[in-house]
Amino acid sequence: QVQLVESGGGLVQAGGSLRLSCAASGIIYSSNTMAWYRQAPGKERELVASISRTSVTNYADSVKGRFTISRDDPKHTVHLQMNSLKPEDTAVYYCNADITTRQGVSVMTVDTWGQGTQVTVSS
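All of the points below concern the structure found in this document. What you see is a predicted model, and the numbers here were worked out from it, not measured in a lab.

When helices and strands are tallied, the chain shows zero helices and eleven strands. Taken over the C-alpha trace, the chain has a radius of gyration of 15 Å; the compact-globule value for 123 residues is 14 Å, and the two agree within 12%. Along the first, second and third principal axes, the C-alpha atoms of the chain reach 50 × 25 × 25 Å. Carbon and sulfur atoms make up 47% of the accessible area of the chain, which amounts to about 6600 Å² in all. Seen as two clouds, the 11 positive and the 10 negative side-chain charges of the chain have centres 4 Å apart.

Now the structure itself:
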């Protein structure tokens, strides 16, 4: 069974930086689109950034120019470098990936989520 494990969250002052990492484990034939989402209290989960297998990136308007998503395919890892953090960036950040894996005798692509990591930005 494929799992995603996030790390790197924490408490930081406004203007500071954090780097989130997400590592996939299990039987992995390929990691396709990988992404970071976030959910603030009382709000819906929203896409922060995504990166395709060919490293085409997409960012939410609110983080453009401040956040950078990258991937390390041999390690099945995706990172999110967050700079110039603002209090409104406070949320639980979730890693998401479409991973091609084997389940039983079948090979399939599974939409996989991590458990989330808390990012808190103080003013």
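If you look at the biggest cluster of nonpolar residues, it comprises 30 residues, and the most contacted ones within it are W36, L80, M82 and Y93. Elements with a contribution of two residues or more to this core: β3 (18-25), β4 (30-39), β5 (46-51), β7 (67-72), β8 (77-82), β9 (91-103) and β11 (117-122). Ranked by residues supplied to this core, first place goes to β9 with five residues.

Time to look at the sheet that holds β3. Each strand in a sheet pairs with its neighbour through backbone hydrogen bonds, running either in the same direction (parallel) or in the opposite one (antiparallel). Spatially, β1-β3-β8-β7 is the arrangement adopted by the four strands of the open sheet, whose pairing is antiparallel. Every interior strand has two partners, whereas the edge strands, β1 (3-7) and β7, have only one. Across the sheet, the mean angle separating the axes of adjacent strands is 15° when strand polarity is ignored. Bridging between β7 and β8 involves six bridges; their strand directions are antiparallel. Its bridge partner lying in β8, I69 is registered against L80.

What follows concerns the packing of aromatic side chains. Scanning all chains against the criterion turns up one aromatic pair. Ring plane angle 55° and centroid distance 4.9 Å describe the contact between Y37 and W113, whose orientation is recorded as tilted. Of this pair, Y37 sits in strand β4 while W113 sits in strand β10 (residues 106-113); the two residues are 76 residues apart in sequence, bridging distant segments of the chain. By relative accessible area, which is 22% here, Y37 ends up partly exposed. For W113, a relative accessible area of 35% gives the class partly exposed. The lysine or arginine in question, R45, covers the ring of Y94, its NZ or CZ lying 3.8 Å from the ring centre. Taking NZ or CZ as reference, R45 lies 4.8 Å from the ring centre of W113, over its face.

Basis of the calculations
Residues numbered from 1 in each chain as written. Predicted model: local features only at pLDDT ≥ 70, side-chain atom pairs only at ≥ 80, totals over all residues. Heavy atoms only, no water. Helix = DSSP H or I, 4+ residues; strand = E, 2+ residues; numbered from the N terminus. Rg over C-alpha atoms; globule rule 2.2 N^0.38 Å. Areas by Shrake-Rupley, 256 points an atom, 1.4 Å probe, with all protein chains shown as cover. Lys, Arg positive; Asp, Glu negative; His and termini not counted. Charge placed at Lys NZ, Arg CZ, Asp CG, Glu CD. Core = buried A, V, L, I, M, F, W, Y, C linked by side-chain atoms within 4.5 Å. Buried < 20%, exposed > 50% of the residue type's maximum accessible area, 1.4 Å probe, protein only. Pairing = 2+ DSSP bridges. Axes fitted to C-alpha atoms, helices over the stretch in contact; angles between N-to-C directions. Phe/Tyr/Trp six-rings, centres within 6.5 Å; stacked < 30°, edge-to-face > 60°. Lys NZ or Arg CZ within 6 Å of the ring centre and 35° of its normal.

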